[in-house]
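One-letter residues, chain by chain:
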Amino acid sequence: EAGVTQFPSHSVIEKGQTVTLRCDPISGHDNLYWYRRVMGKEIKFLLHFVKESKQDESGMPNNRFLAERTGGTYSTLKVQPAELEDSGVYFCAISKGAGGYDYGYTFGSGTRLTVV
Amino acid sequence: AQSVTQLDSQVPVFEEAPVELRCNYSSSVSVYLFWYVQYPNQGLQLLLKYLSGSTLVKGINGFEAEFNKSQTSFHLRKPSVHISDTAEYFCAVIVRYNFNKFYFGSGTKLNVKP
């Protein structure tokens, strides 16, 4: 059983449309993170949930991005309306401990978003 | 502010040759250091980490890395690579006052040729 399942694996949408990315973590992990990698650049932090609460959303690019974590289980990241610069790979990660420094993160395989 | 620089975007190497992937970081506070690997169509997987203690850290699949505080480096090495090591490698740091946020480098693609 994969620790983190992300879907869709790929999404191609037109500029101005809405897209929702989903992350399903294995149970027992209170900490959930979203990261993004744009066009071969570094992977950047977007936000961190502890259970259903947003602990740190300092990396969210702007108010077109909305993240939720229902009941502390799965999480969604909605982009509305999508812009060309939103293209990239969106990763979800989980950790057991408070932070990935001790146990490390378990990453999903990512959603590749292409905005055309 | 923290930053991580991976000096080589691509490293081609022949099978059974040694390899070094370079990583330098910049931080005004103490950090923990990590290397992650991403195989095609998979998530990132932890290779090794430095938290404290011995500066030479051994990880999975025969990889090791050495923390050099004076040079702010954490280079990844393997004495003999295999075709299966072909992947993208990411260096990352966590600052000790905020261990819920990784700062990643831009990645190094290791291409092992037969």
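Reading guide: rules and limits
- Per-chain numbering applies: the sequence of each chain, read as written, is numbered from 1 onward.
- Labels follow written order: the first chain is A, the first ligand is 1, and so on.
- Under the rules for a predicted model, residues below a pLDDT of 70 receive no local features and side-chain atom pairs below 80 are neither given nor counted, while totals for whole chains, interfaces and linings still include all residues.
- Values reported for side chains reflect all heavy atoms of the structure, with hydrogen atoms and water molecules removed beforehand.
- Strands were regarded as paired on the criterion that DSSP finds at least two bridges between them.
- Runs of E in the DSSP output that reach at least two residues are strands. Runs of H or I that reach at least four are helices, and both are numbered from the N terminus.
- Axis angles are defined between N-to-C directions and span 0 to 180 degrees, where every axis is a line fitted to C-alpha atoms and, for a helix, only to the segment in contact.
- Between Lys or Arg on one side and Asp or Glu on the other, a salt bridge is scored when a side-chain nitrogen of the former is within 4 Å of a carboxyl oxygen of the latter.

(A) A look at the sheet that holds strand 8 (residues 75-79) of chain A. All names here are of chain A. The strand order 1-3-8-7 describes an open sheet built from 4 strands, whose pairing is antiparallel. The sheet terminates laterally at strand 1 (4-7) and strand 7 (65-69), the two strands that pair on one side only. Each adjacent strand pair in this sheet contributes to an overall mean axis angle of 15°, direction not counted. Bridge analysis of strand 1 against strand 3 (residues 19-25) gives 4 bridges, and the strand direction is antiparallel. Within strand 3, the residue paired with Thr5 across the bridge is Asp24.

(B) Inspection of the pattern of salt bridges at higher detail. Residues and elements named next belong to chain A. A full pass over the atoms with the stated rule returns 13 salt bridges over all chains. For Glu85, the salt bridge is made with Arg64, and the minimal N-O distance between the two is 4.0 Å. Of this pair, Glu85 sits in the loop between strand 8 and strand 9 (88-95) while Arg64 sits in the loop between strand 6 (53-56) and strand 7, and the two are 21 residues apart along the sequence. Each member of the salt-bridge network shares a partner with another, and the members are Arg64, Glu85 and Asp86.

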